[in-house]
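# Observations on the model geometry
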Amino acid sequence: MDWLDRMNNAMEYIEMNLTDNISYDELAQKACCSTYHFQRMFPFITGVSLSGYIRRRRLTLAAFELQTTGAKVIDVAMKYGYDSPEAFARAFKNLHGIMPISARDQGVSLKAYPRMSFSISIKGDVEMNYRIEQRGSFEMFGVYGLINSDRKIAFSEVPRFRKQCDEDGSVDLMNELLGRFPDTMLHAALYDDNGESFKYMVCYNLPKELEIPDKFTKLTVPASTWAIFSEPQCDLQKLWDRIYFEWFPTSEYEQIEAPSFEMYYGPAGHHTGEIWIPVKKK
């Protein structure tokens, strides 16, 4: 069974269980990968988090049902997994812009998110430079912010957070502690992704003898096997997409639950970059 079949089986499982409990473990089994890898891969290849996609599909069907039947709002709310009419109403309004009771009004405008499916797309015409390395445990230090797991939102929040770290003096202080030039780029760690948000830490390797101020956080990274992808032009947003679209589906590896990194080398504006992803063989 190829990757397309596995992903479409996973989508079928979601569709068949929109009014029931959706097990992420069983969903990942349909895709023949670990639960963590599936949750990390999904937003990169679809543009929406797994929980966000399920929520959109449920609220799409709920809107159809309210429009076309005489079902009570509370019954529709319970059917699609909401514990109370209030929670359902909040989610419904966030998506559709109106309260559920208004879904039956003449001429009302609602949003519909169709079922997702996967098909063949011709890619891979541009080479990818990568290597596999084993590394022991190491420590990083830096400052972190919470970033939305929705990629469209994340790609605007991350630059704002990095700019904030520049403006509040965090970057200059870190480079001073490390004995580096002020405009030297720092790395970034991505970790603790819960499907709704993740931590993004502007960071650098922690020297053993260095005492760091309280404003900084230490991050211990376990010994891992790393898939390391290089990008001389430093277009890491595009590289993230290619890794999940092109490399993972055809490789013998899947991502494990540990921090990933965007590694930057050189002064700002003239730097190169790498993406480090902790992996294991399938």
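Structure shown above.
Note that the structure is a prediction, hence the values are computed from the model and not measured. (Residues numbered from 1 in each chain as written. Predicted model: local features only at pLDDT ≥ 70, side-chain atom pairs only at ≥ 80, totals over all residues. Heavy atoms only, no water.)

Turning our eyes to something else, we now look at helix α8 (residues 170-178). Listed as buried for α8 are Ser170, Val171, Met174, Asn175 and Leu178. In a view along the axis of α8, the buried residues occupy a sector of 130 degrees, so they form one face of it. The elements touched by buried residues of α8 are β2 (138-148), α7 (151-167) and β4 (197-205). Gly179 sits one or two positions beyond α8 and adopts a positive phi of about 70 degrees. (Buried < 20%, exposed > 50% of the residue type's maximum accessible area, 1.4 Å probe, protein only. Helix = DSSP H or I, 4+ residues; strand = E, 2+ residues; numbered from the N terminus. Arc of directions from axis to C-beta. Contact = heavy atoms within 4.5 Å.)

Following the criterion strictly, the structure yields two cavities of 30 Å³ or more and no others. Roughly 70 Å³ of internal volume is contained in the largest cavity. Lining the largest cavity are Trp3, Arg6, Ala31, Cys32, Cys33, His37, Met41, Phe248, Pro249, Tyr253 and Lys282. Those elements that place two or more of their residues in the lining of the largest cavity are α1 (3-16) and α3 (35-46). Looking at the lining of the largest cavity residue by residue, the class counts come to eight nonpolar, one polar and two charged. When its volume is computed, the second largest cavity comes out at roughly 50 Å³. In this structure, the second largest cavity is lined by Tyr36, Arg40, Leu190, Tyr191, Asp193, Phe198, Gln255, Ala258 and Ser260. For the lining of the second largest cavity, the elements supplying multiple residues, two or more each, are α3 and β3 (187-191). Its residues placed into classes, the lining of the second largest cavity shows five nonpolar, two polar and two charged. (1 Å grid on protein atoms, 1.4 Å probe; cavity = no way out; pocket = protein on both sides within 12 Å on 5 of 7 lines; lining within 4 Å. Points joined across faces, edges and corners; volume = space filled by probe spheres on them. Nonpolar A, V, L, I, M, F, W, Y, C, P; charged D, E, K, R; others polar.)

Coordinates in, geometry out; function isn't part of it.
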